Amino acid sequence: MGTGVMIGAGIFALTGQIAELAGTWFPLSFLVGAVVTFFSAYSYIKMSNAYPSAGGIAMILEKAYGPGVVAASASLLMAFSMVINESLVARTFGTYTLQLFGTENTKLLVPVLGVGLIVFAFLVNISGNRSIGLFSLIMALLKIGGIALFGIAALWASGLQFEPSKSEVDYPLAGFVASVALSILAFKGFTTITNSGAEIVDPHRNVGRAIVISVSICVVVYLLVAFAVGSNLTIPEIIQAKDYSLAQAAKPALGQAGFYLTIVLAIVATASGLLASVFAVSRMLAMLTNMKLIPHSHFGMAGRIQKHTLVYTVVVAALLTIFFDLSRIASLGVFFYLVMDIVIHWGVFRNLRHDIGARGSILLSAISLDTIVLAVFVVMKIRTDMAIVVTAAVATIAVFAFEYWFLSNRKITSHER
């Protein structure tokens, strides 16, 4: 299931975005992203092995910082990054679906189709369908196998040429480093495995093993796909079709039938991924509400808290789908996720490394790698899209300021009572 969360819309949406930044050697961006991810996964593995639970990220942050502003704010940033990923998935669904009809009117239809998928995911989740877990598992197996077969078939059709894409433009090293930020985003789904501590057999051992195995599978599949795309399209062609590059790469390799099969695979991957993500985010927000780390209002709605957080999740995801394009959505996700990731590593290093037997050198390496990638990505975005940098910075500061205000008022009110 964890592998299915990672391998999905990310590879369909981000391959072109990564190639636009990294250029000729964009497949290596996935490999470097995997290295950074393995360093990051160390904190999650050690924490999950020591304190297995269903709490996931929220549990790790509370253990590291206590139930205060830092834990609440970083948890919200993670929740927001997941909601942002939902809008990325939704727009990817719309973009690939339109390729079936060859239409060019994407500015209106992409968000319309994306919001339609979000509404569908909401209706399935609100119905309380018990088969959603089995459905997600089956879809995960189908899309992992399908994407892997696409990569193998496309490489086979190109004569098994593991060569970099051709480009007349020299891309700067900074662009490659910035592309690694997006590659990390394609791996971040491994964090959902930390929620399995209450359900998995022998969690003190198997949560960590599941993370390592899932990331390893993703590395192989991502490299297959990246080389397949690179061996069939030039860099300008990948950039021109960056929002649907896998489908475009299928044309010269597998013909029109392969083109349509890739689109169907993208639709299945995005739809199943969004169903699982909406449930996961709503559960996380409900958990934070029960921990009294975020406020809650019923807004006249009946039912359980998770029903309400489900509504909040799809509303925010729909708004992002309408007002942001794929590139900006991915950028916001990078900012929120890497900031949250750095906060977790620092908390574990400062307060818990001796308790869980973690090596300080690995934790500091994870912090350093995240910081370098984030810093270069920010500099690149300042040059090309200052508005998204300002949006991310203001949103991050606003989250911490809001949590400080909310938790301070909660303490004052409790003291008065």
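Residues numbered from 1 in each chain as written. Predicted model: local features only at pLDDT ≥ 70, side-chain atom pairs only at ≥ 80, totals over all residues. Heavy atoms only, no water.

As annotated in an unreviewed UniProt entry, the chain carries the name APC family permease and is attributed to Nitratireductor rhodophyticola. Its UniProt record gives the chain a comment under Subcellular location (unreviewed entry), which states: "Cell membrane". (UniProt positions renumbered as here; feature names shortened; annotations may be inferred.)

Q: Looking at this structure, how should I read the overall build of the chain?
A: If you tally the helices and strands in the chain, you get 15 helices and 0 strands. Carbon together with sulfur atoms contributes 66% to the accessible area of the chain, which is approximately 17700 Å² in total. (Helix = DSSP H or I, 4+ residues; strand = E, 2+ residues; numbered from the N terminus. Areas by Shrake-Rupley, 256 points an atom, 1.4 Å probe, with all protein chains shown as cover.)

Q: Honestly, the confidence of the model for the chain in this entry has me stumped. Any pointers?
A: Low pLDDT marks stretches whose predicted atomic positions should not be read closely. Chain-level statistics for the chain give a pLDDT mean of 83 and a share of 88% at 70 or above. Confidence scores differ between elements of the chain, with helix H1 (residues 2-6) showing the lowest mean pLDDT of 72 and helix H14 (residues 360-384) the highest of 93. (pLDDT = per-residue confidence, 0-100.)

Q: Would you mind showing me how to read the packing of aromatic side chains here?
A: Aromatic ring pairs are reported here in terms of the distance separating the ring centres and the angle at which the planes meet. Overall, the coordinates contain 9 aromatic pairs when judged by the stated rule. Ring plane angle 65° and centroid distance 5.7 Å describe the contact between Phe-335 and Phe-377, whose orientation is recorded as edge-to-face. Here the residue Phe-335 occupies a position in helix H13 (residues 326-356), and Phe-377 occupies one in helix H14, the gap between them amounting to 42 residues. On the accessibility criterion, Phe-335 (6% relative accessible area) is buried. Taking relative accessible area as the criterion, Phe-377 reaches 1% and is therefore assigned buried. Arranged with centres 5.9 Å apart and planes meeting at 40°, the rings of Phe-402 and Trp-405 form a pair that is tilted. Residue Phe-402 and its partner Trp-405 are located together in helix H15 (residues 386-416), separated by 3 residues, close to a single helical turn. You can call Phe-402 partly exposed: its relative accessible area is 34%. Positioned above the aromatic ring of Tyr-51, the side-chain terminus of Lys-63 is 4.4 Å from the ring centre. If you follow Arg-353 out to its NZ or CZ, it ends over the ring of Phe-349, 4.2 Å from the centre. (Phe/Tyr/Trp six-rings, centres within 6.5 Å; stacked < 30°, edge-to-face > 60°. Buried < 20%, exposed > 50% of the residue type's maximum accessible area, 1.4 Å probe, protein only. Lys NZ or Arg CZ within 6 Å of the ring centre and 35° of its normal.)

Q: Explanation requested: a nonpolar patch on the surface in the structure shown.
A: Residues Val-315, Leu-319, Ile-322 and Phe-323 make up a contiguous nonpolar surface patch of about 400 Å² in total accessible area. By the element assignment, Leu-319 lies in helix H12 (residues 305-323). A relative accessible area of 45% means that Leu-319 is categorised as partly exposed. (Patch = residues over 30% accessible without salt bridge, like charges linked within 9 Å, V, L, I, M, F, W, Y side chains within 5 Å. Salt bridge = Lys/Arg side-chain N within 4 Å of Asp/Glu carboxyl O.)

Q: Got a minute to help me understand the packing of helix H3 (residues 26-50) against H13 in this structure?
A: Think of two packed helices as two axes; the pair is described by the angle between the axes and how far apart they sit. Orientation of H3 relative to H13, taken along the N-to-C sense of each, is 50°, at an axis distance of 9 Å. By the criterion of interaxial angle, the relationship of H3 to H13 is oblique. The handedness of the crossing between H3 and H13 comes out as left-handed. Residues Ser-40, Ser-43, Tyr-44, Lys-46, Met-47 and Ala-50 of H3 pack against Tyr-337, Met-340, Asp-341, Ile-344, His-345, Val-348, Leu-352 and Ile-356 of H13. (Axes fitted to C-alpha atoms, helices over the stretch in contact; angles between N-to-C directions. Parallel < 35°, antiparallel > 145°, perpendicular 65-115°, else oblique. Left-handed = near helix turned anticlockwise from the far one by under 90°. Contact = heavy atoms within 4.5 Å.)

Q: Honestly, helix H5 (residues 69-99) in this entry has me stumped. Any pointers?
A: Along an α-helix, residues three or four apart share an orientation, since each turn contains 3.6 residues. Its 31 residues place the ends of H5 45 Å apart at the C-alpha level, agreeing with the 45 Å of an ideal helix rising 1.5 Å per residue. Across the 31 residues of H5, 27 count as buried, placing the element largely inside the fold. (Expected span 1.5 Å × (residues − 1).)

Q: Sorry, what's going on with the packing of helix H4 (residues 56-65) against H5 here?
A: The interhelical angle for the contact between H4 and H5, taken along N-to-C directions, is 155°, at an axis separation of 9 Å. The angle between H4 and H5 falls in the class roughly antiparallel. Our pair here, H4 against H5, has a crossing hand that is right-handed. For the pair H4 and H5, contact is made by Ile-57, Ala-58, Leu-61, Glu-62 and Tyr-65 and by Val-70, Ala-71, Ala-74, Ser-75 and Met-78, respectively. For the contact of H4 with H5, the per-class residue count stands at 8 nonpolar, 1 polar and 1 charged. (Nonpolar A, V, L, I, M, F, W, Y, C, P; charged D, E, K, R; others polar.)

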